[in-house]
Amino acid sequence: MKAMWRKKNELELVINEVKKAVVGKDEHIKKILACILARGHVLLEDIPGVGKTNLTLALSKALSLDFHRMQFTSDVLPGDVTGFIIYNQKTNDFEYKEGPIMCNLFLADEINRTSPKTQSALLEVMEEGRTTVDGITYQLPQPFTVLATQNPYGSAGTQLLPDSQLDRFMVRLSMGYPSLEDEIEILKRKSQENPLDTIRSVCKPQDIIELQKQVDQVYVDDKIYDYIVRIIHKTRDHELIQQGASPRTSISL
């Protein structure tokens, strides 16, 4: 019980640190943290400039997570994401060169601007926490979360995410514009210093793994399981829904 209380306090510290760089988005911070604890992935869908990347950077610093960001463009190849095998003349052997996906928190920026072939490179890593290159499987560091962003407006040069990939995101969020007061506060903070530079590391990756294990132990009554599945089944029968939610959605919920 004391350990759980200590972890709860750690999460509150994380939220307070992230709030130094992210103004007025407390609920978004909490939802993303909840998703990380549930071993899920997040799709941030919004217009440019509202703080999606800033939020991800702030989280990585407060949680002490190894963070990689990749700008997805039309010329990005699957090997650019997962890594590739290269021949080393010195050792006279082939070796694996890690891609940016080998980290704790991977930001796939504007994921809908790359090809479906490159998008599909994320399917295995998001579902199984591993990647396969030339028939050899490599485990990703733990904890591991993908935060992807996409601009919902303007289709020039974009590729819609396939349903199989959308289904692997546990949470889909939109940040939205800040309020008048929050935007004034953002200007004041930016005029003095970069708020990201003030964020302290208050949690370690191992702490996140321990919290994930505690989440696994949360008791769920059979009535809750029944309630969740009934909700999901309704999406499959509704006349206004073209494709109902999958069993993966039931697990996420």
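Cut-offs and rules
Residues numbered from 1 in each chain as written. Predicted model: local features only at pLDDT ≥ 70, side-chain atom pairs only at ≥ 80, totals over all residues. Heavy atoms only, no water. Core = buried A, V, L, I, M, F, W, Y, C linked by side-chain atoms within 4.5 Å. Buried < 20%, exposed > 50% of the residue type's maximum accessible area, 1.4 Å probe, protein only. Helix = DSSP H or I, 4+ residues; strand = E, 2+ residues; numbered from the N terminus. Contact = heavy atoms within 4.5 Å. Pairing = 2+ DSSP bridges. Axes fitted to C-alpha atoms, helices over the stretch in contact; angles between N-to-C directions. Phe/Tyr/Trp six-rings, centres within 6.5 Å; stacked < 30°, edge-to-face > 60°.

J.: Can you help me understand the nonpolar core in this one?
T.: The nonpolar side chains of a soluble globular protein tend to be buried with one another. Val14, Val18, Ile32, Leu33, Leu55 and Leu63 are the most contacted members of the largest nonpolar core, which totals 35 residues. Elements supplying a minimum of two residues to this core: α1 (2-18), α2 (26-37), β1 (42-45), α3 (52-62), β5 (105-109), β9 (171-173) and α9 (205-216). Ranked by the residues each element gives to this core, the list is headed by α2, at 6 residues. If sequence neighbours within four positions are ignored, Val18 has contacts with Ile29, Leu55, Ala58, Leu59 and Ala62. Tyr96, Ala108, Leu122 and Ala148 belong to the second largest nonpolar core, which has 23 residues in total.

J.: Explain the sheet that holds strand β2 (residues 67-71) here, please?
T.: The pairing of strands in a sheet happens through backbone hydrogen bonds and is either parallel or antiparallel. Pairing in this open sheet of 5 strands is parallel, and the strands run β2-β5-β8-β1-β9 from one edge to the other. Both outer strands of the open sheet, β2 and β9, are each paired with one neighbouring strand and no more. Within the sheet, the average angular offset between the axes of one strand and its neighbour, ignoring direction, is 15 degrees. The sheet contact formed by β1 and β9 spans 3 bridges and is parallel. When the bridges of β9 are listed, Val42 appears paired with Val171. Lying over the sheet, α3 contacts β1, β2, β5 and β8 (145-150), oriented at roughly 170 degrees with respect to β5.

J.: Whenever I open this one, the packing of aromatic side chains confuses me. Can you help?
T.: Both the distance between ring centres and the angle between the ring planes are used here to describe each pair of aromatic rings. Scanning all chains against the criterion turns up 3 aromatic pairs. Ring centres of Tyr96 and Tyr138 lie 3.9 Å apart, and the angle between their planes is 15 degrees; on these two criteria the pair is classed as stacked. Note that Tyr96 is positioned in strand β4 (residues 93-98) and Tyr138 in strand β7 (residues 136-139), a separation of 42 residues in sequence. As far as the burial class goes, Tyr96 and Tyr138 line up, both buried.

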